[in-house]
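# Breakdown of the fold
Each chain is listed here by its residues.
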Amino acid sequence: MKILKQWWFLAGILILSLGFGGLAEAQQGPVQVPVQVPSSTAAPQNPASAPVAAPAPAAPAPEAAAPPVSNETKATRSKLDGFKADLDQKEASLQGRRLSDAELQILRSELEPLGASIRTIIDEQAPKLEASRARLAQLGPKPKEGQDESADVAKDRTEREQAVAELDETQRLARALLVQVDQIGAQISDRRRASFTRALFEQSDGLLSPSLWMNVLQAIPRELRVQRLTVSDTAEHFARNATFGTLFFLGLAIGVAVALYGGRRYIAPRLVKRDPAISEPSRRSRLLAALVVLLLGTLPAVAGSWIVWIAFDSADLFPPRLEQVVAALLRGIAFVAFVRALIDAILAPDHPSWRLVPVGNVGATRIMRFGVILASVMVAGKMLESFNQAIAAVLPITVMTRSIFALAGVLIFAELLRRFATRDTSDENCLGPYVATEVDVSGPLRTLGWIVGGVVLVSVVTGYVALASFLVDQVVWISILIALLILGIALVDEFIGGTLTSDSKFATTLQANTGLRKRSIEQIGVLATGVARLCLIVLAILLALAPWGIESTDILGSVRAAFFGFSVGDMTISISSILIAALLFAIGFVVTRVIQRWLDQTFLPATDLDAGLRNSISTATGYVGIIIAGMVCFTYLGLSLERLTLVAGALSVGIGFGLQSIVNNFISGLILLWERPIRVGDLVVVGDGEGYVRRINVRSTEIQTGDRSTLIVPNSNLISGIVRNRVRNDRTGRVLVSVPVPRASDPDLVADIMRKAALAHREVLSEPTPRVLFKKVTENTIDFDLICFVDEIDTAGRVASDLYFEIFRDLRKAGTGVPEPAQPSLALKGPDELEEAVDNVAHAIQNEDENVLVIPKDKSAP
């Protein structure tokens, strides 16, 4: 028993929860479903109903008798009977006397294993029942009257029906007991919530009430007598159990505790190097220093308090009712040390450059001082409450004690808020440059603090002492949680996100060993950081709600019900099933993409298929894989085609309205893949755009133009519109070279030069043979066109350029040059015409260059 007390005391130190106990659960329906055990035996037939003269109908009587139950079913039902007896006993205890909160909590803790055991039985019986039903379905429907069935089949059918009936009956029994567990849990939650609310809003005399002070004065003599009796009883108990060994052992424990508590101030500076000379330490260094400061400031104090409690509890020097006072004192010492270490770790009042939160020096010092004072006052109040409980103090004394300490706590908190609201004006007359003062606490937060302080003050005055004490405890508790959350999030961001999103050794090693890209590792780091942050926030919310009556078991029960299935009408929705189905679909999708990549990069390039057909095969493989993954997903969820009828009807309405164009493009894409009028790699002309088809997607087709831009064309436009495919039948390309030469040139010579240039090029096809056409005769030139073909249309532009170079080179060698551009002739008849021409040219130049051109007029010019 002493060992249990010691571990319970250690747990109380580590939790450091100062909240007021209680639970508040969501209220569930009070209607209870009675647990009925279905009879496994059929009602015996009335023998009087059969005619006496005809004994033949009595033959079916053995068939109506109850078949024997298997040993496994008997063992399972025996467990269920034990569970039912235990549940009935707990339900009877709830209907009896009023239970305390501790008793209700014990009852609730005993209820959880029962529910887990019943759920295990249900989970074990479910696959067996499904298998039995499947075996029974293999025999087909039972034959109608007048139809014969072989004896072996009839016997097999009877055995399988018996197995299905046994398992189904066991399932119904277990589910009925599970309903009873939920109902008892709801009753316990209602009782605890009502008790918590009643204790929290119980009104007594206010602190300023004369009747409270009169009752306290009247109770003082009685309390003094009780305290004298307690002191004498303690002295007798101490004298009876005190020996030299126990006192030496207790003194040694106290000495070790004092050494640990006092030595932590000297150990921490030696292990944590917060060098003030470093003006900008790294974030990781600051976080490591803060973590070490928190651990070294808390763990020695906790260990010292625990050692003293073990020694004190083993010595048995005080009466049992006073041991809780000593426990409250030791827990309080550890709590004050924890608060001081937490503030020092985050705010670092003596080391501004190592501070984790941007708070000024004055603000950090104030928070440290007022935080330690507030924690000390709370510890003193808790210790005095424990003493009042130990001596069974009267209610006025207890109310007075809690009121005074709640008022002291709110006054300390209000003074802290007032100090933050006061600006430091000591440097207003300073002759140096003006430096703006730093605001440490924002306006909304300070306003919320004043509101809470006002509520506490009004509660103390009006007699709601429990509410006032509870609010003060929650202010401190939530402040501690926020500080720990800030530190935890900073550690997660630095040691998870910072490690994976930077060029650290771990990220480099991970990238080298896994083959992941740097961007992928950074995304993993961001995702892991987000998940860790979410877990910390959820944990902080659960801890903040715990003193308000909402325990983690209640929330976990709701999460478990939502995760493993809850019923809405006749439909069961299970988040776990949805997540597993989504995981199966993701696996199928990944496998499909792997197969597509293998086809694109390994198998299909080794075949003689063209690029368009390879793309069609790869795309069709992707569609088939996604459809198969979707079917597996729906099958796991238990969605058959009949259940999807309603969804299909809704989708048909959506397709008729909003999804018409999307479905049209999808069907057009399937037609493109099947008929292949346009293939990947084809050179097509769509409207004003021309380019190569690079990809045929579900909704659209990507066409890359000559300037490296991409045209996104809906598939329906390619099916219903006019598309020019330059390589539909083959990839032979036509090359057209137009050459103008001076009018005086020899046409036969020019044609021969052009023909020979085409025949000499290695990429020009000999069939059809290149041809030279005499196109036209102009005023100064004669124009020729060279028409030839290449086997690949992609080379047509380059071949045309080569032919131009070769033809003009040969023309220059033959003495036939390129004609000069025609010069406009100007026929003037006199000075008036010259002046008009000059004016026109000047006006044209002025319009082009936006400058004024001045040309002197000389009418005497010829």
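Structure: see above.
Residues numbered from 1 in each chain as written. Predicted model: local features only at pLDDT ≥ 70, side-chain atom pairs only at ≥ 80, totals over all residues. Heavy atoms only, no water.

### Let's talk about the overall build of the protein chain
Scanning the protein chain for helices and strands turns up 24 helices and 10 strands. In the protein chain, which comprises 862 residues, the share counted as buried stands at 34%. In the protein chain, 74% of the contacts between residues at least 6 apart in sequence involve partners at least 24 apart. With an accessible surface of roughly 52,200 Å², the protein chain has 63% of that area assigned to carbon and sulfur atoms. (Helix = DSSP H or I, 4+ residues; strand = E, 2+ residues; numbered from the N terminus. Buried < 20%, exposed > 50% of the residue type's maximum accessible area, 1.4 Å probe, protein only. Contact = heavy atoms within 4.5 Å. Areas by Shrake-Rupley, 256 points an atom, 1.4 Å probe, with all protein chains shown as cover.)

### Section: empty space enclosed by the protein
Taken as a whole and assessed by the stated rule, the structure comprises three cavities of 30 Å³ or more. Looking at the largest cavity, its volume works out to about 120 Å³. Residue lining of the largest cavity: V377, M378, G381, K382, E385, R402, F405, A406, G409, S469, V472 and D473, and that is the complete set. Going through the elements one at a time, α10 (361–390), α11 (395–421) and α13 (465–500) are the ones with two or more residues in the lining of the largest cavity. Looking at the lining of the largest cavity, the element that brings in the most residues is α10, giving five residues. The residue makeup of the lining of the largest cavity, split by class, is five nonpolar, three polar and four charged. One number sums up the size of the second largest cavity: a volume of about 70 Å³. For the second largest cavity, the full set of lining residues is L374, G409, V410, F413, V452, G453, V456, V472, V475 and V476. Broken down by secondary-structure element, the contributors of at least two residues to the lining of the second largest cavity are α11, α12 (443–462) and α13. Of the residues belonging to the lining of the second largest cavity, the class tally is eight nonpolar, two polar and no charged. (1 Å grid on protein atoms, 1.4 Å probe; cavity = no way out; pocket = protein on both sides within 12 Å on 5 of 7 lines; lining within 4 Å. Points joined across faces, edges and corners; volume = space filled by probe spheres on them. Nonpolar A, V, L, I, M, F, W, Y, C, P; charged D, E, K, R; others polar.)

### Things to note about the sheet that holds strand β10 (residues 781–790)
Strand order in the open sheet made by the three strands is β8-β10-β9, with antiparallel pairing throughout. Because the sheet does not close on itself, it has two edges, and the strands there are β8 (733–742) and β9 (771–777). Looking at each pair of strands side by side, their axes are set apart by 25 degrees on average, direction ignored. Sheet strands in contact with helix α22 (residues 747–760) are β8, β9 and β10, and its direction is about 20 degrees off that of β10. Contacts from helix α23 (residues 796–813) reach β8 and β10, with the element oriented near 25 degrees to β8. (Pairing = 2+ DSSP bridges. Axes fitted to C-alpha atoms, helices over the stretch in contact; angles between N-to-C directions.)

### Overview of the pairing of strand β3 (residues 683–686)
Pairing analysis gives four bridges linking β3 to strand β4 (residues 689–696), with the strands arranged antiparallel. When the sheet's bridge partners are listed, L683 is paired in β4 with Y692. Between β3 and β4, which follow one another and run antiparallel, lie two residues, and G687 among them has a positive phi close to 65 degrees. Across three bridges, β3 lies against strand β7 (residues 723–725) in antiparallel orientation.

### Looking at helix α17 (residues 575–603)
The terminal C-alpha atoms of α17 lie 40 Å apart, and with 29 residues this matches the ideal 42 Å at 1.5 Å per residue to within 8%. Residues S576, A581, G588, T592, Q596 and L599 constitute the buried set of α17. (Expected span 1.5 Å × (residues − 1).)

### Looking at unusual backbone geometry
Cis geometry marks the peptide bond from E767 to P768; its omega dihedral reads -5 degrees. Notably, A392 is not glycine yet its phi reads approximately 55 degrees, a positive angle. Inspection of the secondary structure puts A392 in the loop between α10 and α11. The phi torsion at R708 lies on the positive side, around 70 degrees, for a residue other than glycine. One can find R708 in the loop between β5 (700–705) and β6 (710–714).

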